[in-house]
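# Examination of the molecular architecture
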Amino acid sequence: MSRFALARTWPTLAFALLLLGQAAALALSLGGGAGWLPWLLTGLLALSSLLALATLSTLRRARAKAERAQRTLEEAIDALPASVEIYDETDRLVAFNQRLVEIYPHMLREFQRRAGFEDMVRASLARQGIPEAIGREEEWLAERKRQRGRQSAPLLQNVHDEIWLRVFERRTPSGGIVGVRLDVSDLIHEQQRLAASQAHLHAIIQSAMNGILTLDAEGHVLEVNPSCEQLFGFSAAELQGGHLSMLFSGGLSELAPQSLLGQPREVSARHRSGEELSLQLTMAEVRTATTHLFVCIVTDFSERKRQELRLKRANELLARQSTTDGLTGVGNRRLFDQALQQEWLRSARSGQPLAILLVDIDHFKQYNDRYGHVAGDDALRRVATLLRSCVGRGGESVCRYGGEEFVVLLVDTDLAGAQVVAQRCLDSLRLAAIEHEASPVRPTLSLSIGVAARLGHSQVAAQSLLEAADAALYKAKQGGRARMVCEARIA
């Protein structure tokens, strides 16, 4: 027998022995017992007194121990980060902790008077303390009572606007209910932010000008955006499930998505109609604990390729006149001056506007000082390439105007169209993220662009268009750089 069990049973055994002794003494006294009988009775009385005192002492210790255990249990429940509430078989509150009061401070009076669950819910509904029940209180209450203590999964409840609780309820063998409410507001708010972020990302992908494909780890198409459908001439349903190789030629069928990571590469493809496409493919990997995907961004350079071919033929004719900038490969100042004069007169004849982008690389001297002239030359070439990629129609040209300045001549283009091209140039260089730690504007290379548009006029010098763009460029620099400024007057 354990020590605890013996401590509980010895008073009973002692009382039993004492009763037997008193019974024996009574029998002897009735039978005319000996003179020692009074002494026996006296001893038994003393023993009874001692036993009574010992019993009382044991009961006091047991009571004190029970009170300590009760206090420890209450303190432990109060220390929990979740609220705890206990109801009897009639669904009346019999115990709760301080966390429940912190969540529902307006319900303190109901808690203290140990109200029934339905009464407390009705009091909360009357205060409109349950947002999801507003306007359908009785229906919500009936459903809540039906589910009470029977949910296979915890109940998610919104209270006090920004507070979200996960409610766990379990019935006890005696028919009561134990409820635990855990504050999951941070988790819900994070889920809401994530949902908003996903919706934002989805909107960006859907509206992106570039084709975007989502691939599985083997290179099979999972999703495509509308630009991709338009680019290849196939619907999303037709593309989904197929391998990346069905869209591109040039040996990509033997390459896994992992092998396409890194620098963008130019590939060939064909539109559904058979038209040949020149594309730039950029692959990015998305890997988490549960997800492994690839995102393929496809940029259509077909028009740029055609333009390059036209420019190549023109350069061959003008090679002796040295109309190409030797460093960047774009047109030089001489070519621009000729093109400006020609297109100005053509604009005067056709009545179509002519636009100019005058582009300056921000703080390029500091770039050369920081990285050296070799890196500076490479940066000029990269900027020139980006500018050329942003010009998408035939007859338009990019020229190096001098030093770190470039000029873009846009034929048949009004100011709004020129703004679109200028913004594309700004965005393209920003996405290229060419490091420029010495720049006071931002840690990557940036552009200032002056935009101007005019209708050509035989009695007005073409130089006026260039002067307007130069004035706009000056304002862009004065305004903080890394931006464009438009000269709005059309004359």
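See above for the structure.
What comes next concerns the included structure. (Residues numbered from 1 in each chain as written. Predicted model: local features only at pLDDT ≥ 70, side-chain atom pairs only at ≥ 80, totals over all residues. Heavy atoms only, no water.)

Interaxial distance between helix α5 (residues 117–126) and helix α6 (residues 137–147) falls to 11 Å at its minimum, and their mutual angle equals 150 degrees. The orientation of α5 with respect to α6, classified from their angle, is roughly antiparallel. For the element pair α5 and α6, the recorded crossing hand is right-handed. Mapping the contact onto sequence places Phe-117, Glu-118, Val-121, Arg-122 and Leu-125 in α5 and Glu-137, Glu-138, Trp-140, Leu-141, Arg-144 and Lys-145 in α6. When its residues are assigned to classes, the contact of α5 with α6 shows five nonpolar, no polar and six charged. (Axes fitted to C-alpha atoms, helices over the stretch in contact; angles between N-to-C directions. Helix = DSSP H or I, 4+ residues; strand = E, 2+ residues; numbered from the N terminus. Parallel < 35°, antiparallel > 145°, perpendicular 65-115°, else oblique. Left-handed = near helix turned anticlockwise from the far one by under 90°. Contact = heavy atoms within 4.5 Å. Nonpolar A, V, L, I, M, F, W, Y, C, P; charged D, E, K, R; others polar.)

Further remarks concern the side chain of Thr-328. Along the chain, Thr-328 turns up in the loop between α10 (302–317) and α11 (333–350). A polar contact of 2.7 Å, which involves the side chain of Thr-328, links it to the side chain of Asp-325. Not counting chain neighbours up to four residues away, the residues in contact with Thr-328 comprise Leu-380, Arg-381, Ala-384, Arg-400 and Phe-406. (Polar contact = N/O pair within 3.5 Å; in protein donor to acceptor, adjacent residues only side chain to side chain.)

Take the packing of aromatic side chains next. With the rule as written, the count across this model stands at five aromatic pairs. Judged by centre distance (5.5 Å) and plane angle (40 degrees), the rings of Phe-96 and Phe-111 are tilted. Taken together, the residues span a long stretch of sequence, with Phe-96 in strand β2 (residues 93–96) and Phe-111 in helix α4 (residues 108–112) at a distance of 15 residues. What makes Phe-96 partly exposed here is its relative accessible area of 25%. According to the relative accessible area criterion, Phe-111 is buried, its value standing at 4%. Between Tyr-367 and Tyr-371, the aromatic rings sit 4.7 Å apart at their centres with planes inclined by 40 degrees, giving tilted as the arrangement. (Phe/Tyr/Trp six-rings, centres within 6.5 Å; stacked < 30°, edge-to-face > 60°. Buried < 20%, exposed > 50% of the residue type's maximum accessible area, 1.4 Å probe, protein only.)

Attention now goes to helix α14 (residues 415–432). With 18 residues, α14 should reach 26 Å at 1.5 Å per residue; the first-to-last C-alpha distance of 26 Å fits that figure. Along α14, the positions that sit buried rather than exposed are Leu-415, Ala-418, Val-421, Ala-422, Cys-425, Leu-426, Ser-428 and Leu-429. When α14 is viewed along its axis, its buried side chains cluster within an angular range of 165 degrees and face the same direction. On its buried face, α14 sits against β12 (353–361), α13 (373–390), β14 (405–411), β15 (447–455) and β16 (483–487). Two or three places before Ala-416, at the opening of α14, Asp-414 has a side-chain oxygen 3.4 Å from that residue's backbone nitrogen. (Expected span 1.5 Å × (residues − 1). Arc of directions from axis to C-beta.)

One open sheet accounts for five strands, arranged β13-β14-β12-β15-β16; its pairing is mixed. Here the strands that pair on one side only, and so sit at the sheet edges, are β13 (397–402) and β16. This sheet shows a mean twist of 20 degrees between the axes of neighbouring strands, independent of strand direction. In this sheet, β16 lies alongside β15 in parallel orientation, the contact comprising five bridges. (Pairing = 2+ DSSP bridges.)

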